[in-house]
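A structural walkthrough
Residues per chain are reported as follows:
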Amino acid sequence: MTDASPALDVPNDIHPLFNAAPKTTEFKKLRKRIIRQTREAIDQYGMVDPREPKQKWLVCLSGGKDSYTLLAALYELQWRELLPVDLLACNLDQGQPNFPATVLPKFLQEMQVPHRIEYKDTYSIVMDKIPHGRTFCSLCSRLRRGNLYRIAREEGCSAVILGHHRDDILETFLMNLFHGGRLSAMPPKLLNEDGDLFVYRPLAHVAEADCEAFAKALNYPIIPCDLCGSQDGLQRQQIKQMLDIWETNSPGRRQTMFRALANINPAHMLDTNLFDFLGLNSDQPQFSSNSSDN
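Owing to the predicted nature of the structure, the values given are computational and were not obtained by experimental measurement.

Attention now moves to the overall build of the protein. Counting secondary structure elements, the protein contains nine helices and six strands. Restricting to contacts in the protein with at least 6 residues of sequence separation, those with at least 24 account for 74%. Of the roughly 16600 Å² of accessible surface on the protein, 51% is carried by carbon and sulfur atoms.

Below is the structure:
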């Protein structure tokens, strides 16, 4: 990819998604930051395969601030000829109570975005399988992912694109650390179990606060994420609150922790599957020059 040069404040904006864009310097900086960080993630994790002349991505749209930001960022990169892929927006209506089913079709049609709206009542399945009082996000997510894979195959897409941002990835890491007893997060690039579809998270470097400010500034019709009533008291909310406190007391803490996920030294961990401790001897230095043996 070559460097982006067109100015952000062109007289006629690039796409109807940006029709309501404020002309303020603050918003222009926000927009530029999001586009730059999205492009960085796409480049860093090799989301565009140069061997494929034309790819098609299924961009998953929930109606939340994150997926709206994702859609707009991808369209801007496409317009700047920095993203040589076709985009198909997709919303999976899972039958949640009070879901405003007309909001996204109306929005996508007005924004001239190619899309597919799919109805699949997974909500009833989840309610039937999960005992009362238990959280059902995990099963709900698995059913949603399976349907998105199916739709991607039917539409000839090579990848499913999700709107998870930096804070989602960090919160998942801490959830697994505190509650799952393992070190893992959401990878920006993942090959599905069948080996025929990629899952990409182009917003991996973007802060949640930036997504919120961006979607609000553009007045996108936000659909709340707690329609099913399963969010209250979730462990993820506790993690989010903990991070909020840390960020308040030490500004920049989230970004520092996030950088650590890409700066791992297997020899300083305890996983024998990642480092050959048994085979370590004096002829194989364990520590790099900038490491500490404390």
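Moving on to helix 6 (residues 166-180). Counted at 1.5 Å a residue, the expected span for helix 6 with its 15 residues is 21 Å, and the 20 Å between its end C-alpha atoms agrees. With 11 of 15 residues buried, helix 6 lies mostly within the body of the structure. Looking at helix 6, one finds that the buried residues are R166, D167, D168, I169, L170, E171, T172, F173, L174, M175 and N176. At its buried positions, helix 6 is contacted by helix 2 (65-79), helix 7 (208-217), helix 8 (235-249) and helix 9 (253-260). G181 sits one or two residues past helix 6 and shows a positive phi near 65°.

The next subject is the nonpolar core. In summary, soluble globular proteins display a tendency toward joint burial of nonpolar side chains. The biggest cluster of nonpolar side chains holds 45 residues, and the ones touching the most others in it are L17, W57, L71, L74, L83, F214 and Y220. At the level of secondary structure, the elements contributing two or more residues to this core comprise helix 1 (25-44), strand 1 (55-60), helix 2, strand 2 (85-93), helix 3 (103-110), strand 4 (159-161) and helix 7. Tallying contributions element by element places helix 2 first for this core, with eight residues. With 14 residues, the next largest nonpolar core counts L88, L92, L148 and I151 among its residues.

On to the packing of aromatic side chains, then. Two numbers describe a pair of aromatic rings. These are the distance of the centres and the angle of the planes. Here the structure, examined in full by the defined rule, presents eight aromatic pairs. Taking 5.5 Å as the distance between ring centres and 80° as the angle between the ring planes, the aromatic pair formed by F107 and Y220 counts as edge-to-face. Of the two residues, F107 sits in helix 3 while Y220 sits in the loop between helix 7 and helix 8, which places them 113 residues apart along the sequence. Among the residues examined, F107 registers a relative accessible area of 6% and is labelled buried. Take Y220: its relative accessible area is 6%, and that puts it in the buried class. Ring geometry for F275 versus F277: centroids 4.9 Å apart, planes at 65°, classification edge-to-face. By the ring-pair criterion, three or more aromatic residues cluster together here, those being F18, F27 and F214.

Cut-offs and rules
- Residues numbered from 1 in each chain as written.
- Predicted model: local features only at pLDDT ≥ 70, side-chain atom pairs only at ≥ 80, totals over all residues.
- Heavy atoms only, no water.
- Helix = DSSP H or I, 4+ residues; strand = E, 2+ residues; numbered from the N terminus.
- Contact = heavy atoms within 4.5 Å.
- Areas by Shrake-Rupley, 256 points an atom, 1.4 Å probe, with all protein chains shown as cover.
- Expected span 1.5 Å × (residues − 1).
- Buried < 20%, exposed > 50% of the residue type's maximum accessible area, 1.4 Å probe, protein only.
- Core = buried A, V, L, I, M, F, W, Y, C linked by side-chain atoms within 4.5 Å.
- Phe/Tyr/Trp six-rings, centres within 6.5 Å; stacked < 30°, edge-to-face > 60°.

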